[in-house]
Structures are given as C-alpha cells and as structure tokens.
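Okay, here's what each chain looks like letter by letter:
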Amino acid sequence: MAFAPVRVAESEFGALAPVLAFARTIPGVSWFAAATLPLTEADCADGAAYAAALGFADAAVEAAASWPDAKRIASGAGAAPWWDAEESAAKALYETALRAAPERAVLAALTRATDAASATVHGAASIALARAGIADAALARAAAGAATQACYHAALALAARAGAEHAFAIKARLYAGGRWPLGIVDGALYLL
Amino acid sequence: MSEKLQVKTIEEFNQQPEEYKTAVRKIVRSHAINELFGAQVFDEPAIALAPTPYAKWLTCRVAMEEYGHHVRFKELGEQIGIPEAELIPGGTSKRPLSVFDFKLKTWEEFCVNKLIGDLAEILQVEDLLHCTFHPLRNLSRQIMPEEKFHAQFGEDFCSELVQNEKSRAAVQEALTKFYPIMMAFFGATGSRNNEIFRKWGIKLRKNEEMRADYAVRAKALCEGKLGLKLPKVDVDGPKAAHA
C-alpha cells in the first residue's frame, strides 16, 4: 500500500491546467443554495441530459420536497444501477486521463479539487440546513460527501478532456446551480 | 513537575529537555500514522461496502475527516522536527497497531469499527486535552468534535442494524471479533513510555486505567444501549516487556 504524499511542481501539470482552474472556482460556488426551491427549466434540462449521458434516457426529473425527503430518497434501495454507472464512468475517465498525463500529476490535480471541496462544502451544507431550520450533523456531512465526490468527478472529466456534455460535467452544473442530485432511483432522477 | 510546566509554542518546545521532546514526538508520530492507516484500511474501503448513497456519501466525508486528522498531526510533527517519512505508515521500523490487521469485509464490521474503534480514539484524545504541550492540546480540542461524530455514526448505524435479526447477528459477530483486538490499542500495562508521558504531563492516565475505562464505556454502549453482548477479554491487556 503506497502512502507517500504526491508532490508536483506547477509546471508539471501541463494539460491538467483546467482541473486546477476548476479547483479554484470551488469556494465561490453557491453550494446547496437552491435546495427545496422549485426546479427551473435549466435544472430539468440538465437533469435529463445528465441521466441520459449515464444511460438512463427515460428517467424523469423529480424534485425532492425537503431535506428530510432528500435523506429518505438517498437512504432507499434501488440506486445501485445508477451508482454503478457513475463508478464505471469514473473508472473510464481515470484511464483516459492517464493516457494524457503522468499518474502522479493526475492524482495531484484531482487532490486540488477534492481538498478545495472538502474545505468548503461542509460549511455550506450546514448553513443551508440551518436556513431550513434543521440541525442534522449527519445529513450535512452526507451532502458534503456528495458534493466532494461531484467535484472529484468533474475534475476527472476535465483531466480526461471529456467535454461539457459528459455526465459529470453536467452534474457539476447542477451543483453549481445550488442543487443536490440525489441519484436515479426507480426511473427518476431526484434533485433537492 | 508537570503542574508547573506549560509549553505554549514550538519555540518553547525546542527549549525543553530531550526526554520531553522525544515523548511528544512519539505521540504525534503515532497519531499521524494511525489516522492515515485507519482511513486507508477502514474508512475508504467502507465507501464501497455502504448500502445506500446516503451511507456512501456520509462514509466518504468521514474518511476525508480522518485524512484531515492525519494532515494536522503530520503538520504538527514536521513543526517539532519529525522527518516527514516517519509520519506516514511504513516510514519507520515500528509496526502499526494490531487493530489494523483486521480485514474489513462487511458494512456491519465497519459500523462496529466506528462504534468501538472511535470510542477508543475518543479516550486517547481526551487524555491529550490537558497536555502540557499546548499545540498538541489545541489540536486535540479541534479534532474531538469530529471523533465524537464518527463514534456517533457507528452508534446510529448499529442502532438501525440491530433492529433486523440478520443484520443484528452480523453486528454481534463483528463485535465479538473486533472488541478483543481493541484491548491492545491502549498499549502495554506498566509501559515505560506511558510513565514518561505522565511524568511530563503529556498524558494523564496509565494505559491500564484507560483500558479499564474503555471497557466500562464499551459495556454501557454495546450492552446497555444496543443490547449486544461483549465477549470476555483480558482487561489487564498486554504487559510491558520490562514490567
């Protein structure tokens, strides 16, 4: 098991510069700011495009009514096919990224994104929950975990130059719009 | 000695006797390594074992917090003169804690790991809250809320799992396997290192006192709250070689 920290000079990132640029934007995102608000046309369009890009073209886009509703949806059975589709997509992107840049540089660039997310999203989730009058430390952390994973996915898509219509690029737009995509369960993509 | 000694800064630390500096370094090195090892062998693999997106995301966040603890101990370690290589697993000849030999295979095992593994970590961090080396004391204060949350995570998920007969049996099985391993987590009875830690006010309690306290708290939690059964263990723990 390798534990050695990865250190990479700025000049070694090369083609991974878009990942670093993305990482710098993370603290400025209005994380979870649109949670529980009615879905917009853009939310629905991005939601449908995200589901289709993962192979769930028939999925409806539904709103989660509240934070507790989001917890119920994300805690239910039936999300495994969607989760597995995301895992497969992430694996394919990572392999593509390694063809374009050395692994240590890819890992270091991805870490920039996850470090930035980790430092930002938990506080944002806690504030969003507090605004809704809810004190739930576990739900705030789950939301933070989801947003951090989304940043990792978005960074992977950039590292692999997958384009703006890759599922992970679209998912990042949903988060940037203040939403929390909760997954595709029983034929529907749920957004908080 | 320890009642008067208060080391508030790294500069003051550098002026302390070699025995004090060596003792503090041992503790910081141990925490830096074990936080990283724990995240690598327990928390990160558990993301795949978690049954729902909610549990996976929550576990993902917990893993990041454990990595964050490693980073904070590592930063402190570097400030007090520990070479970076010694702050990561494999960087020294010292064997990792035996608890990391446990091969995690199920979600129930992970939940038990958080339930009683992080309870043990809480006891260790509690003992540092009064440490004479203030940067370590302050770091312990910082991470304590997260450690408590991680133990609560274990309790919450175990509380759900024991409601179902099949998963209750899996939790009990995991507890029966994992609890005895935890006894060595507190170090040897009659430890010379621990004697030096207490001499300098770096730690408050003997290893055997902490182990006995842990056994009481684990019993209240696992048997009192969750209705599980702890296996019989030797609460006296391993004896120091010189004792």
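The residue numbers shown here count from 1 along each chain, following its written sequence. Working convention: letters from A go to chains and numbers from 1 go to ligands, in the order in which they are written. In view of the model being predicted, local features appear only for residues whose pLDDT reaches at least 70, and side-chain atom pairs are presented and counted only at 80 or more, with totals across whole chains, interfaces and linings using the full set of residues.

### Concerning the overall build of chain A
Here is the rule we go by: Helix and strand definitions here come from DSSP, where helices need a minimum of 4 consecutive H or I residues and strands a minimum of 2 consecutive E residues; each element is numbered from the N-terminal end. Computation of the radius of gyration draws on C-alpha atoms, with the globule rule given as 2.2 Å multiplied by the number of residues to the power 0.38. Three exposure classes are used, based on other C-beta atoms lying within 10 Å of a residue's own C-beta, which is placed from the backbone: buried for 20 or more, exposed for 12 or fewer, and partly exposed in between.
Along the backbone of chain A there are seven helices and three strands. Beginning at the N terminus, the succession of helices and strands in chain A can be written as α-α-β-α-α-α-α-α-β-β. For chain A, whose C-alpha radius of gyration is 17 Å, the value lies close to the compact-globule estimate of 16 Å for 192 residues. Each principal axis of the C-alpha atoms in chain A carries an extent, and together these give about 45 × 35 × 35 Å. Residues counted as buried form 46% of the 192 residues belonging to chain A.

### A few points about the overall build of chain B
Cut-off, in case you're wondering: The contact criterion used is a C-beta to C-beta distance within 7 Å, with each C-beta placed from the backbone.
Broken down by element type, chain B carries eight helices and zero strands. Its helices and strands taken in sequence order, chain B reads α-α-α-α-α-α-α-α from the N to the C terminus. Radius of gyration (C-alpha) of chain B: 18 Å, near the 18 Å computed for a compact globule of 243 residues. Within chain B, residue pairs in contact and separated by at least 24 positions form 78% of the contacts whose partners lie at least 6 positions apart.

### Some thoughts on the interface of chain A and chain B
The cut-off we apply is this: Only Asp, Glu, Lys and Arg are considered charged, only Ala, Val, Leu, Ile, Met, Phe, Trp, Tyr, Cys and Pro nonpolar, and every remaining residue, Gly among them, polar.
Each side of the interface is counted separately: chain A has 20 residues, and chain B has 16 residues. Here the residues of the side of chain A that touches chain B are counted per class, giving 11 nonpolar, seven polar and two charged.

### What to know about the nonpolar core
Residue and element names in this part refer to chain A. What counts here: Note on terminology: a nonpolar core is any set of buried Ala, Val, Leu, Ile, Met, Phe, Trp, Tyr and Cys residues joined through C-beta atoms within 7 Å.
In this structure, Val-19, Ala-113, Ala-143, Ala-147, Ala-154, Ala-155 and Ala-159 are the most contacted members of the largest nonpolar core, which totals 133 residues. A total of 15 residues in this core trace back to one element, the largest contributor, which is helix α6 (residues 137-159). Ignoring any residue separated from it by four or fewer positions in sequence, one finds Val-19 in contact with Ala-109, Leu-110, Arg-112, Ala-113, Ala-155, Leu-158 and Ala-159.

### Quick look at the packing of helix α4 (residues 107-128) of chain B against helix α6 (residues 165-182) of chain B
Residues and elements named next belong to chain B. Heads up, the rule is: Axes, fitted as lines to C-alpha atoms, cover a helix only where it is in contact. Angles between the N-to-C directions of the axes lie from 0 to 180 degrees. Note on angle classes: values under 35 degrees are labelled roughly parallel, values over 145 roughly antiparallel, values of 65 to 115 roughly perpendicular, and the remainder oblique. Handedness of a crossing follows from how the near helix is turned relative to the far one, being left-handed for an anticlockwise turn of less than a right angle and right-handed for a clockwise one.
For the pair α4 and α6, the least separation of the axes is 8 Å and the interaxial angle reads 40 degrees. With respect to each other, α4 and α6 are oriented oblique. Crossing geometry of α4 relative to α6 is assigned as right-handed. Mapping the contact onto sequence places Glu-108, Glu-109, Cys-111, Val-112, Asn-113, Ile-116, Gly-117 and Ala-120 in α4 and Ser-167, Ala-170, Val-171, Ala-174, Leu-175, Phe-178, Tyr-179 and Met-182 in α6. For the contact of α4 with α6, the class distribution of residues is 11 nonpolar, three polar and two charged.

### Topic: the pairing of strand β3 (residues 188-191) of chain A
All names here are of chain A. Applied cut-off: Here, strands pair whenever DSSP counts at least two bridges between them.
Pairing analysis gives four bridges linking strand β1 (residues 60-63) to β3, with the strands arranged parallel. The residue bridging Val-61 from the neighbouring strand is Leu-189, located in β3. The turn linking strand β2 (residues 181-185) back onto β3 is made up of two residues, and Asp-186 within it adopts a positive phi angle of 50 degrees.

### Details of the confidence of the model for chain B
As a reminder, the rule being used: Confidence of the predictor in every single residue is expressed as pLDDT, which spans 0 to 100.
In this model, chain B carries an average pLDDT of 94, and 98% of its residues clear a pLDDT of 70 or more. At the low end of the mean pLDDT range in chain B sits helix α2 (residues 18-49) of chain B, at 95; at the high end sits helix α1 (residues 10-14) of chain B, at 98.

### A closer look at the sheet that holds β2(A)
Residue and element names in this part refer to chain A. One open sheet accounts for three strands, arranged β1-β3-β2; its pairing is mixed. Both outer strands of the open sheet, β1 and β2, are each paired with one neighbouring strand and no more. Across the sheet, the mean angle separating the axes of adjacent strands is 25 degrees when strand polarity is ignored. Pairing of β2 with β3 involves four bridges; the strand directions are antiparallel. Bridge pairing in β3 links Gly-183 to Tyr-190. Relative to the sheet, helix α3 (residues 67-74) contacts β2 and β3, its axis offset from that of β2 by approximately 40 degrees.

### Some details on the packing of α4(B) against helix α8 (residues 207-225) of chain B
Residues and elements named next belong to chain B. Between α4 and α8, whose axes approach to 10 Å, the crossing angle comes to 140 degrees. Between α4 and α8, the angle is such that the two are oblique. Once α4 is placed against α8, the crossing between them reads as right-handed. Side by side, α4 and α8 meet where Ile-116, Leu-119, Ala-120, Leu-123 and Asp-127 of the first sit next to Met-210, Asp-213, Tyr-214, Arg-217, Ala-218, Leu-221 and Cys-222 of the second. Here the residues of the contact of α4 with α8 are counted per class, giving nine nonpolar, no polar and three charged.

### Let's talk about α6(A)
Note the threshold: Helix span, expected: 1.5 Å multiplied by one less than the number of residues in the helix.
Relative to the 33 Å expected for 23 residues at 1.5 Å per residue, α6(A) spans 33 Å between its end C-alpha atoms, a close match to the ideal helical length. With its phi angle positive at about 50 degrees, A:Arg161 sits one or two positions after the end of α6(A).

### Considering helix α5 (residues 103-131) of chain A
An ideal rise of 1.5 Å per residue puts 42 Å on 29 residues; α5(A) measures up with 41 Å between its terminal C-alpha atoms. Two residues or fewer after α5(A) comes A:Gly133, characterised by a positive phi angle close to 75 degrees.

### Quick look at the environment of B:Gly237
Residues and elements named next belong to chain B. Of note, Gly-237 is situated in the segment after α8. Between the alpha carbons of Gly-237 and Phe-185 there is a distance of 9.2 Å; along the sequence they are 52 residues apart. Once residues within four sequence positions are removed from consideration, Gly-237 is found in contact with Met-183, Ala-184, Phe-186, Ala-188, Thr-189, Asn-207, Glu-208 and Arg-211.

### A look at the environment of A:Ala157
Residues and elements named next belong to chain A. With respect to the helices and strands, Ala-157 occurs in helix α6. Its 28 C-beta neighbours within 10 Å are what place Ala-157 among the buried residues. Counting along the chain gives 61 residues from Ala-157 to Thr-96, while the straight-line C-alpha distance between them is 9.4 Å. The residues touching Ala-157, leaving out its near neighbours within four places in the chain, are Leu-93, Ala-162, His-166, Phe-168 and Ala-169.

### Re the environment of A:Leu98
All names here are of chain A. As for its position among the elements, Leu-98 is in helix α4 (residues 80-100). Residue Leu-98 is classed as partly exposed on the basis of its C-beta count, with 15 C-beta atoms lying within 10 Å. Linking Leu-98 and Ala-159, residues 61 residues apart in sequence, is a C-alpha distance of 8.6 Å. Excluding anything up to four places from it in sequence, Leu-98 contacts Glu-103 and Val-106.

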